[in-house]
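What the coordinates show
Listed here are the chains, written in short residue letters.
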Amino acid sequence: MQVLKSLPALKTRHALTGLALSLALLAQPAAASGATPESVVETAVDRTLSALQDSHISDQEADEILKVIDVERVAQFTMGRHWRGMDEATQADFMTAFRSFARVQLREHLADFSEAEVEILRTVERKPGDAIVTTKVSGVDNKEHMVSWRVNDNNGWKVTDIEAMGLWFAIEQRAQFQAMLDNNGGDVSQLIEEIGSAT
């Protein structure tokens with residue numbers, strides 16, 4: 001099945017990768033995001049289009065877009081081995097900071113884009129409950145870009161990562177957080193403060 005949607009234009013490589021990062025990493029949980037992997041991706045595109053009608057994404061609109069993402073799973077992944085060493089209170093603080101960070105990233109990377117199109121091409125099941133949906137983004141610098149969405153079934157299909165320009169962004173964010181921790185002596189509270197204060 002092919003689904004063709006208009007999506008904000010991504011005028012540069014940075015913009016395209018920023019879009020993928022925004023959609024892949026930012027989230028608020030939902031009871032059931034979609035019945036199929038394709039419907040989750042289609043919902044993400046539809047909600048983004050709706051939010052961008054006035055070229056501004058409010059927190060409420062961001063939350064609607066981000067309901068298709070498994071925020072807890074992504075957030076835990078980005079912390080890697082540090083997650084298990086965090087007590088419950090610190091984990092809760094990190095989740096709160098991560099959601100604030102998420103909304104900021106979404107507004108920064110999506111608000112100023114013009115029109116492009118996204119087409120769902122195919123879905124490949126890696127294993128039960130784990131699939132890759134491949135999409136084609138066109139109308140960007142007269143080029144076509146392939147963007148792959150990893151979706152997992154966790155009480156409903158949700159996005160857990162996106163690949164564009166050869167980069168998987170949950171993996172990239174994990175590396176960035178690790179670098180921040182390496183630079184501050186492994187101080188998780190400082191990382192939480194830094195990502196939570198982003199505006």
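Note: the structure precedes this text.
I will try to describe carefully the structure that is included in this document. (Residues numbered from 1 in each chain as written. Predicted model: local features only at pLDDT ≥ 70, side-chain atom pairs only at ≥ 80, totals over all residues. Heavy atoms only, no water.)

Moving on, we get to the side chain of Thr160. Mapped onto the elements of the fold, Thr160 is located in strand S5 (residues 157–164). At 2.6 Å, the side chain of Thr160 forms a polar contact with the side chain of Asn152. (Helix = DSSP H or I, 4+ residues; strand = E, 2+ residues; numbered from the N terminus. Polar contact = N/O pair within 3.5 Å; in protein donor to acceptor, adjacent residues only side chain to side chain.)

Here the focus is the environment of Arg99. Its location among the elements puts Arg99 in helix H5 (residues 88–110). Relative accessible area serves as the criterion here: at 21%, Arg99 is assigned to the partly exposed category. As a C-alpha pair, Arg99 and Asp63 span 36 residues in sequence and 9.5 Å in three-dimensional space. (Buried < 20%, exposed > 50% of the residue type's maximum accessible area, 1.4 Å probe, protein only.)

Let us look at the environment of Asn155. Structurally, Asn155 can be placed in the loop between strand S4 (143–153) and S5. Taking C-alpha positions, Asn155 is 10.0 Å from Ala35, a pair spaced 120 residues apart along the chain.

On to the pattern of salt bridges. The final tally for this structure, using the stated rule, is 6 salt bridges. The partner of Lys67 in a salt bridge is Glu64, and the shortest N-O contact between them spans 2.8 Å. The class for Glu64 is partly exposed, based on a relative accessible area of 33%. A salt bridge links Lys136 to Glu144, with the shortest nitrogen-to-oxygen separation between them at 3.7 Å. The class of Lys136 is buried, set by a relative accessible area of 19%. With relative accessibility at 52%, the residue Glu144 sits in the exposed group. Linked through salt bridges whose partners overlap, the residues forming this network are Glu119, Lys136 and Glu144. (Salt bridge = Lys/Arg side-chain N within 4 Å of Asp/Glu carboxyl O.)

One finds Met79, Phe94, Trp149 and Phe177 to be the most contacted residues of the largest nonpolar core, which totals 36 residues. Per-element tally for this core: the top contributor is H5, with 5 residues. The residues contacting Phe94, other than those within four sequence positions of it, are Ala75, Thr78, Met79, Trp83, Met86, Phe177, Leu191, Ile192 and Ile195. Ranked by size, the runner-up nonpolar core spans 7 residues in total, among them Ala51, Leu52, Ala62 and Ile65. (Core = buried A, V, L, I, M, F, W, Y, C linked by side-chain atoms within 4.5 Å. Contact = heavy atoms within 4.5 Å.)

The next thing to look at is the environment of Val188. Residue position: Val188 is located in helix H7 (residues 188–196). The exposure class of Val188 is buried, given its relative accessible area of 13%. The spatial distance from the C-alpha of Val188 to the C-alpha of Trp83 is 9.5 Å, given a sequence separation of 105 residues. Sequence-distant contacts of Val188, defined by excluding residues within four places in its chain, comprise Met79, Met86, Thr90 and Leu181.

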